[in-house]
Each structure stands twice: as C-alpha cells, then as structure tokens.
Amino acid sequence: EKMEPSVSKGILYGDPDPLNSSYRIRYNMLLNMMRVEDVDPEYLIRASFHQYQQESEAPALELKSKELEMEAEKVKVGDGGE
C-alpha cells in the first residue's frame, strides 16, 4: 500500500509525541535501597526522568505564580460597610 508524500513527510518531520514518565519512585523502594550498601537513594531521585520533568516545568509555574500574586494584590476587599 502506497503512502501519500505529505503523510510520509508529516511522519518524518512532524512534532514528536510528548514523552511522560509513568515510573514513580515510591517510599518502599527508597527504604529498600537504603538497606543496600553503596546505593544513594537521593541520586536515584535526582536522576529520575520524572524529577527532570517536574524541574523543567518549574520556571513556568513560578512565573504563573508571580502573575497570580500580582493579580491578587490588585483585588480590593471592602470592609462590608458599603
């Protein structure tokens, strides 16, 4: 079956699907690692792909937080006597 050139071009040059980690480091996993010598649980957390994804989203979340704080400061609340 032949493919249209535009379809194959879209496959080759199109945007990739987002890669989201479903691997989560759980509390029990860290406890088991602490029992093993020469294993650093903190390294596992820092090196995990999920942690990387969370840290890469942090700047955008901080900016959104600052914008919302500035917006909240503009809100005036009356004393109820009006």
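What counts and what doesn't
Residues numbered from 1 in each chain as written. Predicted model: local features only at pLDDT ≥ 70, side-chain atom pairs only at ≥ 80, totals over all residues. Heavy atoms only, no water. Helix = DSSP H or I, 4+ residues; strand = E, 2+ residues; numbered from the N terminus. Rg over C-alpha atoms; globule rule 2.2 N^0.38 Å. Buried < 20%, exposed > 50% of the residue type's maximum accessible area, 1.4 Å probe, protein only. Areas by Shrake-Rupley, 256 points an atom, 1.4 Å probe, with all protein chains shown as cover. Lys, Arg positive; Asp, Glu negative; His and termini not counted. Charge placed at Lys NZ, Arg CZ, Asp CG, Glu CD. Patch = residues over 30% accessible without salt bridge, like charges linked within 9 Å, V, L, I, M, F, W, Y side chains within 5 Å. Salt bridge = Lys/Arg side-chain N within 4 Å of Asp/Glu carboxyl O. pLDDT = per-residue confidence, 0-100.

1. A look at the overall build of the chain
Assigned secondary structure in the chain consists of 4 helices and 0 strands. Written out in order from the N terminus, the α and β elements of the chain read α-α-α-α. Relative to a compact globule of 82 residues, whose C-alpha radius of gyration would be 12 Å, the chain shows 24 Å and is clearly more extended. Counting across all 82 residues of the chain, residues that qualify as buried make up 7%. In the structure as shown, the chain presents an accessible area of about 8,200 Å², 54% of it carried by carbon and sulfur atoms. Each charge class in the chain can be summarised by its mean position, and for the 10 positive and 17 negative side chains these summaries are 4 Å apart.

2. Some words on the environment of Ala72
By the secondary structure assignment, Ala72 is in helix H4 (residues 49-74). Relative accessible area serves as the criterion here: at 48%, Ala72 is assigned to the partly exposed category.

3. Quick look at a nonpolar patch on the surface
Taken together, the side chains of Met3, Val7 and Ile11 present a nonpolar region at the surface, about 300 Å² in accessible area. Tracing the backbone through its elements, the reader meets Val7 in helix H1 (residues 5-13). A relative accessible area of 42% places Val7 in the partly exposed class.

4. Examining the environment of Lys9
Residue placement: Lys9 occurs in helix H1. Sequence-wise, Lys9 and Asn32 are 23 residues apart; in three dimensions their C-alpha atoms are separated by 48 Å.

5. Describing the confidence of the model for the chain
Averaged over the chain, the pLDDT score is 80; the fraction of residues at 70 or greater is 90%. Within the chain, no element has a lower average pLDDT than helix H3 (residues 41-47), which sits at 73, and none a higher one than H1, at 86.

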